[in-house]
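Commentary on secondary and tertiary structure
Each chain is listed here by its residues.
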Amino acid sequence: MTSPLSIVIAGLNYAPESTGIAPYTTGVAAGLRARGHRVRVLTGLPHYPQWRLQPGFDDPAALRTEIDGVAVRRLRHFVPDPPSGLGRVRMEASFGARQAAALPSDDVDAVVFVSPAMLSTAAGLLRLRLGRSNSCPAVGVWVQDLYSRGVVETGAMSGRPAQLAAAFESGLLRAADGVVAIHDRFKSTMTSELRVPAERITVIRNWTHLRPAPVIDRAAARRKLGWDDETVIVLHTGNMGAKQGLEHVIAAAGHAQRHGEPVRFVLVGGGNQRPQLEAAGRGIDTLRFLDSLPDGDYQQALAAADVLLVNERPGVGEMAVPSKLTSYFTTGNPVIAATDADSITAAEIRASGGGLVVAPDDPAQLVRTALELGRDRERAAALGAAGRQFCARTLSQTHAIDQFEQWLTDLVETKARHSKGRRGSHRDAVR
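Rules behind the numbers
Residues numbered from 1 in each chain as written. Predicted model: local features only at pLDDT ≥ 70, side-chain atom pairs only at ≥ 80, totals over all residues. Heavy atoms only, no water. Domains from an automatic or database assignment. Buried area = accessible area lost by both parts, 1.4 Å probe. Helix = DSSP H or I, 4+ residues; strand = E, 2+ residues; numbered from the N terminus. Nonpolar A, V, L, I, M, F, W, Y, C, P; charged D, E, K, R; others polar. Buried < 20%, exposed > 50% of the residue type's maximum accessible area, 1.4 Å probe, protein only. Pairing = 2+ DSSP bridges. Right-handed = clockwise from strand over helix to strand, strands pointing away. Arc of directions from axis to C-beta. Contact = heavy atoms within 4.5 Å. Polar contact = N/O pair within 3.5 Å; in protein donor to acceptor, adjacent residues only side chain to side chain. pLDDT = per-residue confidence, 0-100. Salt bridge = Lys/Arg side-chain N within 4 Å of Asp/Glu carboxyl O. Axes fitted to C-alpha atoms, helices over the stretch in contact; angles between N-to-C directions. Phe/Tyr/Trp six-rings, centres within 6.5 Å; stacked < 30°, edge-to-face > 60°.

An unreviewed UniProt entry lists the protein under the name Glycosyltransferase, from Nocardia coubleae.

Here is the structure:
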C-alpha cells in the first residue's frame, strides 16, 4: 500500500445527487478514504438534475457532514432555475469564490478539481498557485466533460467566443500538474486541440456506480410500472437537456402512435428541457415521463424495460461520455444509441457489442430498431450479455480506484521532486 495522502477533492456535485458526475466524485472520495487516505471534499448544494435545492439543505447544520468517512463541506451558491448560460456562469462564479476561500492552507498533498465546473476550477487553481509557492500541493483536474467541445456541439457558442472558451480550457488544463480524462477520445482532443502534453494526461474510465442488482422479478416490475407484456418498452434515463436532443424521441413516439406500433418510450429524470418536452408530447399515448427513481426502483425499471436508450442531439460527438451507459451495461438488456456514427457514444457501443447505433434524427429508424429487438429476444439477450461482459471487464470501480490512487501518488511524488529541485537551484544561485 502507498503512504497515506491528504487529499482535497473540489467539485460542484456530490451525493446525495444520484446522476451525472456526483456518483463518480462520491465513489472516488469514499474509495480513497477506505484505503486509508485522508480525504476532504468541498462541494455544492444538491440541486441536479432538478435545478432546485434539495429539501433540507437550507439548514446550516447540513453544510458540514461526513459520508462514508469523508469530511464533506458544502458551500452555498446560486442555483439557476431554470438553468441558462448566464445562470450557470453565475452559479460557477459564486461557488468558485467560496471554494477558493475554503481550500485548506496547509497539510494537503493533493487537490483534485472536478471539471466541469471550469470557472470554479480556475478560481481554486489560481488561489493555490498565487497563495503558496514552494508549498503548493500537487494539483490535478479530473475532466468529465470537455467544456469547449460542449459549447460548440450544443450550439451555445461559435466563432470567436468558442475560440476563447477553448483557449481558457487549454490554459486551465495545462496549468495543472496532471489531468485525468475519462476516455481515450478525450485525451486525443486534449492533446490535438487543447495542446495539453500527452504525458500529463491519464485515462481513467468511469464505472457503474450501481450496486450489484438483486434478482428482479421482471414481470412483477412491469406490472408495478404499468407496462404490459405486448408493448416494447424503450427506456431513457438521466438528464433532459440540450445535448440529449430528446425532441427526436418525442417524434419517434408520435411516429409509433400514428402507425399503431406497439412501442412506448419512457423518459425518466429531470432537466431544463423537460417542461418543453412534456408540452410537445401532450396527447401522445406511446410516451410517458417519470421522475427520477431511487436506486432500487431505478434498477427494477432498467431490468423491466426491453430496450435502453441513449439519445444525443445531432452534432454532439466529442463533448461527453454518457454516464448512463455504465448503468445500462449492467442490466443484460440491449442498448440503442441514437447518435452520430462517429461519436464517442457510438464507439462505446461498438467496443462493448452491447447494442445498436441508429441515426439521431430518424424517428422511424429508432422505432423500427426497437421493434426488432423487442421481437428478437435471442438477439437482444446476446447484445445484453455482451454489454454486461464489457462492464465487468472494462468498467470496474475497483480498477478505477486503483488507478486514481496510483495517479495521485505519482502526482505528489513528481511535485515533490520538482519543488526540491527548484529549492536546490535557488540555493545554488544564492551561493
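From this point, things continue past the structure.
**Brief notes about the domain arrangement of the protein**
For the protein, the domain assignment lists domain 1 (6-207 + 397-429) and domain 2 (218-394). With both sides pooled, the region where domain 1 packs onto domain 2 buries about 1900 Å², and carbon together with sulfur makes up 49% of that total. Looking at the side of domain 1 that touches domain 2, the elements that each hand over two or more residues are α4 (147-153) and α6 (184-192). Taken together, the residues of the side of domain 1 that touches domain 2 sort by class into 9 nonpolar, 8 polar and 6 charged.

**Remarks on the pairing of strand β9 (residues 232-237)**
Most of β9 is tucked away, with 6 of its 6 residues classed as buried. The two faces of β9 match: Val232, Val234 and His236 on one face and Ile233, Leu235 and Thr237 on the other face are all buried. Here 6 bridges tie β9 to strand β10 (residues 263-268), and the two strands are oriented parallel to one another. What sits directly across from Thr237, in β10, is Val268. Note on the crossover from β9 through helix α8 (residues 247-258) to β10: the handedness is right-handed. Taken together, the 3 bridges between β9 and strand β12 (residues 307-311) define a ladder with parallel strand orientation.

**Digging into helix α7 (residues 218-225)**
Along α7, the residues that are buried comprise Ala221, Arg222 and Leu225. One side of α7 holds all its buried residues, which, seen down the axis, span an arc of 100 degrees. Those residues of α7 that are exposed and angled more than 90 degrees off the buried face are Arg223 and Lys224. On its buried side, α7 packs onto β9, β11 (287-290) and α10 (295-304). Capping the start of α7 is the job of one residue whose side-chain oxygen sits 3.3 Å from the backbone nitrogen of Ala219: Asp217.

**Notes on the confidence of the model for the protein**
Per-residue confidence for the protein gives a mean pLDDT of 89, with 94% of residues at or over 70. With pLDDT under 50 throughout, residues 425-431 is counted as low confidence; its partners more than four residues away or in other chains account for 0 contacts.

**Some remarks on the pattern of salt bridges**
In the structure shown here, the tally under the stated rule is 15 salt bridges. A salt bridge links Asp297 to Lys224; its shortest N-O distance comes to 3.4 Å. Note that Asp297 is positioned in helix α10 and Lys224 in helix α7, a separation of 73 residues in sequence. For Asp297, a relative accessible area of 32% puts it in the partly exposed group. Residue Lys224 is classed as exposed on the basis of its relative accessible area, which comes to 59%. Arg377 is the salt-bridge partner of Asp306, the closest N and O atoms lying 3.9 Å from each other. With Asp306 in the loop between α10 and β12 and Arg377 in helix α14 (residues 377-394), this residue pair connects regions lying 71 residues apart in the sequence. Using a relative accessible area of 8% as the deciding quantity, one classes Asp306 as buried. Several salt bridges converge on common partners, so that one network encompasses Arg218, Arg222, Asp229, Asp306 and Arg377.

**Notes on the environment of Leu146**
Position of Leu146 among the secondary structure elements: in the loop between β6 (138-143) and α4. On the accessibility criterion, Leu146 (0% relative accessible area) is buried.

**Considerations on the sheet that holds strand β7 (residues 178-181)**
On the basis of which strands lie adjacent, the open sheet formed by 8 strands has the order β3-β4-β2-β1-β5-β6-β7-β8 and mixed pairing. If you trace the sheet from one side to the other, it starts and ends with β3 (64-67) and β8 (201-203), each paired once. Here the average twist between neighbouring strands, direction ignored, is 25 degrees. Across 5 bridges, the pairing between strand β1 (residues 6-10) and strand β2 (residues 38-43) is parallel. From the neighbouring strand, Ile7 faces β2, where its bridge partner is Val39. Sitting on the sheet, α6 is in contact with β6, β7 and β8, with an inclination near 165 degrees to β8.

**Let's talk about the packing of aromatic side chains**
A ring pair, where both rings are aromatic, is described by two values, the distance of the centres and the angle of the planes. Under the counting rule described, the total for this entry stands at 5 aromatic pairs. Measuring from ring centre to ring centre gives 5.1 Å for Tyr24 and Trp207, while their planes differ by 85 degrees; the resulting arrangement is edge-to-face. One end of the pair, Tyr24, is in helix α1 (residues 22-34); the other, Trp207, is in the loop between β8 and α7, with 183 residues separating them in the sequence. Of the two residues examined, Tyr24 and Trp207, each falls in the buried class. Ring centres of Trp142 and Phe404 lie 4.6 Å apart, and the angle between their planes is 65 degrees; on these two criteria the pair is classed as edge-to-face. Highlighted residues: Trp142 in strand β6 and Phe404 in helix α15 (residues 397-430), separated in sequence by 262 residues. Here Trp142 matches Phe404 in class, with each residue buried.

**With respect to the environment of Asp340**
Secondary-structure assignment places Asp340 in the loop between β13 (335-338) and α12 (344-352). With 110 residues separating them in the primary sequence, Asp340 and Glu230 have C-alpha atoms 30 Å apart. With sequence-adjacent residues up to four places away left out, Asp340 is seen in contact with Pro314, Gly315, Val316, Ala346 and Pro360. In this structure the side chain of Asp340 is engaged in a polar contact, spanning 2.7 Å, whose partner is the backbone nitrogen of Gly315.

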